[in-house]
Amino acid sequence: MSSPYPAIALPRLIAHRGLSARAPENTLAAVRAAHEAGCQWVELDVQLLGDGTPVIWHDATLSRCSDGKGRLATLDLAAARRLDVGGWFGDAFRGERMATLNDMLELLDRLDMGVNMELKVERNRSGTELAEVVVPRLLEALPPERMVVSSFDPLALRQARAIADASLLPIGLLAESVPQKWQHPCEALEAFSIHTDWTRLTARRAGEIKAAGYRLLCYTPNDPAAFATRWAWGVDSAISDDPTLFAAIAPPPTVD
Ligand code: G3P
Ligand code: MG
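Every value quoted in this text rests on a predicted model; they were computed, and no experiment measured them.

1. Some thoughts on unusual backbone geometry
For the peptide bond that leads from Tyr-219 to Thr-220, omega is -20°, which places it in the cis range. Tracing the backbone shows Thr-220 in the loop between strand E8 (215-219) and helix H8 (224-232). Of note in this structure, Asp-112 is not a glycine but carries a positive phi near 60°. Residues other than glycine seldom take positive phi values, yet Asn-124 does so here, at roughly 65°. Here Asn-124 is to be found in the loop between strand E4 (114-119) and helix H4 (127-141). Assessed through its relative accessible area of 79%, Asn-124 is described here as exposed.

2. Let's talk about the packing of aromatic side chains
Throughout the structure, instances matching the rule amount to 8 aromatic pairs. Residues Trp-198 and Phe-227 carry aromatic rings whose centres are separated by 5.6 Å and whose planes lie at 70° to one another, so their mutual orientation is edge-to-face. Residue Trp-198 is found in the loop between strand E7 (193-197) and helix H7 (203-211), and its partner Phe-227 is found in helix H8; the two are separated by 29 residues along the sequence. There is no split in this pair, since Trp-198 and Phe-227 are both buried. With a centroid separation of 6.2 Å and an interplanar angle of 80°, the aromatic rings of Phe-227 and Phe-246 are classed as edge-to-face. Taken together, the residues Phe-227 in helix H8 and Phe-246 in the segment after strand E9 (237-240) connect sequence positions 19 residues apart. The burial state of Phe-227 is the same as that of Phe-246; both residues are buried. Taken together, the ring pairs in this structure connect Trp-198, Phe-227, Trp-231 and Phe-246 into an aromatic cluster.

3. Considering the site of ligand 1
Lining the immediate surroundings of ligand 1 are His-16, Arg-17, Glu-43, Asp-45, His-58, Glu-118, Lys-120, Phe-152, Leu-174 and Tyr-219. Take Asp-45: an N or O atom from its side chain is 3.2 Å from an oxygen atom of ligand 1. His-58 has a polar side-chain atom sitting 2.7 Å from an oxygen atom of ligand 1. Tallied by class, residues from the shell around ligand 1 come to 3 nonpolar, 2 polar and 5 charged.

Thresholds, definitions, all that
- All chains use their own residue numbering, which begins from 1 and follows the written sequence.
- Here chains are named by letter from A upward and ligands by number from 1 upward, in the order in which they appear as written.
- Given that this is a predicted model, residues contribute local features only at a pLDDT of at least 70 and side-chain atom pairs are listed and counted only at 80 or more, while totals for whole chains, interfaces and linings are drawn from all residues.
- No hydrogens and no water enter the side-chain calculation; it runs on all heavy atoms of the structure.
- Helix and strand definitions follow DSSP, with helices as H or I runs of at least four residues and strands as E runs of at least two, each counted in order from the N terminus.
- Whether a residue is buried, partly exposed or exposed follows from its accessible area with a 1.4 Å probe, protein chains only, as a fraction of its type maximum: under 20%, in between, or over 50%, in that order.
- Ring geometry is summarised as follows: Phe, Tyr and Trp rings, the Trp one being its six-membered ring, pair when their centres sit within 6.5 Å, and such pairs are stacked at plane angles under 30 degrees, edge-to-face over 60 and tilted between the two.
- Residues are labelled near a given molecule or strand when at least one of their non-hydrogen atoms is within 4 Å of it.
- N or O atoms closer than or at 3.5 Å make up a polar contact, with two conditions inside protein: a donor-capable atom paired with an acceptor-capable one, and, for residues adjacent in sequence, both atoms drawn from side chains.
- Classes in brief: Ala, Val, Leu, Ile, Met, Phe, Trp, Tyr, Cys and Pro nonpolar; Asp, Glu, Lys and Arg charged; the others, Gly included, polar.

Quick look at the structure:
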């Protein structure tokens, strides 16, 4: 299959939610930590606040990763900025503020990093609206060689593809386990990649995906020895909470 995509030097290891083993997930601090640890790419989650501001955040709620309570969808930007989103992880991160998408894109650009931006669509929220807000900002901020937009949400991905074609926007299809009929959505979206739970991937499915010319990414391995067979199956990249653990074991970078 000839690729419609620009040459993307996808690294073997991508820091999940930033370097989330060492810094509070999905924060500017976690991305700086990833950069300092030598990671070239990060995976991040993006959602909309109640006032429509896109922010880097994983959960529907606030309690796990901040000193607030309630739902992200009820906040406006001023309220979101008042939260401490670092203290839960450790005193060294106390005072960290929720990153807007714009804050994060500025940092990624400054650090010359790539991003796998996951459009995180929580229950009762619109994937279409999220893609409409996020994708144009990504396209403005970063070159196509340094981004992949991924989602579990078919409507978010469909809208992303409606905004930009494959030469401008690499799309990654997220699936907890890859279904038997995985080809159809990939073809419909002109997908760049499939991202799946590494514990649920089979050698057979990995072989089919690679034979069809798609990139294959796995989340969220943190045990390099246990993951070793997956490299042998053709997995291109691992999205890990701590890529530094893989330093001695990961195969050399792919030549794209
Ligand atoms: O993008 C891979 C992975 O982040 C998907 O799951 O829940 O960690 O966002 P989650
Ligand atoms: Mg994610």
